[in-house]
Amino acid sequence: MEIDLSIEVLGLRLIHPLMNASGILGHMPEHVDILKSYGVSAIVTKTFTLKPREGHKEPIMVELPNGGILNSMGLPNPGIIGLERIIKSAKSRNIPVIVSVGGSSIKEFSDVAIKAEEAGANAIELNLSCPHTKSYGLELGQDPLIVYEVVREVSGSIKIPVVAKLGLTDRIIEIAGKALEAGARALTLINTIKAMYIDIFAAKPFLSNIYGGLSGPPIHPIAVRVVYDVYREYEGIEIIAAGGAIDLHSVAEFLLAGAKAVQLGTALILKREKAIPEILKGLYVWLGELNIKSLKEVVGLANRK
């Protein structure tokens, strides 16, 4: 039986549902080649801000005993001056590029998004959920009205699709609704979760910033629940899932919960070029066992039971 793993997201026809999560890609053209060699169907850039950011001081990342990764990068990026180079690199390699945009104000989000569109981006992902950078991300994304205003301003300033990347909050259903109402074409759910790790021998927090974003398998069941709940509330919307997807089972859970595509972070860090081929092989086998010919048939299936 011939099985079709292609999926349409943001008006883009992707050969399969797996892309990288923002933060995995660097800002040099050669980093695009690395991710393409890993097999992603679309590239999501680092979060770009208006001006360059150096990020936090080392140490900024630690692998945890529970299989998770804690990072506190601090959104390092070259600013909008680096946008054109990375977008052209992706476009020249014939792979769709989604630009992650960050800002500490509504105007900054809009200005960076406009520049990204001018440089040729296929879509914009608004980082409204970074948990470890003061005045950016989650501090804005926890307020439904601010989310609405940011998404409305950006959606009204550009023609390419806008994705709102939302983090874990008690008001996620309300916030998701406001993002959609303001013009978001899709939602990315979820970002890393604010956490910390203490070095018990140094008797102090390991990360220089104290707090970081927890990713990987420990947050996966939480991310699945959020995708499930948001899809159930707003059935038919486009969701890109993120949070601890490292194998067939975790990717399949996201699809069944309602996601059309899945972003990989920890999986690419730990498994590199082996991650995507293993998952795609698993998807073929899984769909074959279910006697399902097309990936789109399983999207949201668990919500229809």
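These numbers come from a predicted model, not from an experiment. (Residues numbered from 1 in each chain as written. Predicted model: local features only at pLDDT ≥ 70, side-chain atom pairs only at ≥ 80, totals over all residues. Heavy atoms only, no water.)

(A) Here's a closer look at the sheet that holds strand S5 (residues 61-63). With antiparallel pairing, the four strands of this open sheet are ordered in space as S5-S6-S14-S11. Only two strands of the sheet have a single partner each, and these edge strands are S5 and strand S11 (193-196). Ignoring which end each strand starts from, the neighbouring axes of this sheet average 35° apart. Where S11 meets strand S14 (residues 211-215), four bridges bridge the pair, whose relative direction is antiparallel. (Pairing = 2+ DSSP bridges. Helix = DSSP H or I, 4+ residues; strand = E, 2+ residues; numbered from the N terminus. Axes fitted to C-alpha atoms, helices over the stretch in contact; angles between N-to-C directions.)

(B) Quick peek at the pairing of strand S15 (residues 238-242). Counting buried residues in S15 gives five out of five residues, a clear majority hidden from the surface. A two-sided burial pattern is seen for S15, the buried positions comprising Glu238, Ile240 and Ala242 on one face and Ile239 and Ala241 on the other. In this structure, S15 lies alongside strand S16 (residues 261-264), joined through three bridges in parallel fashion. The partner of Ala241 across the bridge, within S16, is Val262. What joins S15 to S16 is helix H8 (residues 248-257), and the crossover it makes is right-handed. (Buried < 20%, exposed > 50% of the residue type's maximum accessible area, 1.4 Å probe, protein only. Right-handed = clockwise from strand over helix to strand, strands pointing away.)

(C) A look at the pairing of strand S9 (residues 162-166). Along S9, five of the five residues are buried, which leaves the element largely enclosed by surrounding structure. Here S9 shows two buried faces, one formed by Val162, Ala164 and Leu166 and the other by Val163 and Lys165. Read as a crossover between parallel neighbours, the route from S9 over helix H6 (residues 172-181) to strand S10 (residues 186-189) is right-handed.

(D) Region of the structure containing helix H7 (residues 220-233). Here H7 is 14 residues long and its end C-alpha atoms lie 20 Å apart, about the 20 Å a rise of 1.5 Å per residue gives. As for H7, its buried residues are in contact with H6, S10, S15 and H8. (Expected span 1.5 Å × (residues − 1). Contact = heavy atoms within 4.5 Å.)

(E) Structural view of the pattern of salt bridges. As enumerated under the stated definition, the model contains nine salt bridges in all. Where Asp4 meets Arg13, a salt bridge forms, and the shortest distance between an N and an O atom there is 3.8 Å. Taking relative accessible area as the criterion, Asp4 reaches 32% and is therefore assigned partly exposed. Where Asp229 meets Arg225, a salt bridge forms, and the shortest distance between an N and an O atom there is 3.6 Å. Of this pair, Asp229 and Arg225 both sit in helix H7, four residues apart, which is roughly one turn of the helix. What makes Asp229 partly exposed here is its relative accessible area of 28%. (Salt bridge = Lys/Arg side-chain N within 4 Å of Asp/Glu carboxyl O.)

(F) Layout of helix H1 (residues 29-38). Taken residue by residue, H1 has Val32, Leu35 and Tyr38 as its buried positions. Along the long axis of H1, the arc covered by the buried residues comes to 120°, so they all point the same way. Among the structural elements, strand S3 (18-20), strand S4 (43-48), helix H2 (83-92), helix H9 (266-271) and helix H10 (275-290) are those in contact with the buried residues of H1. Looking one or two residues beyond H1, the residue adopting positive phi is Gly39, at roughly 105°. (Arc of directions from axis to C-beta.)

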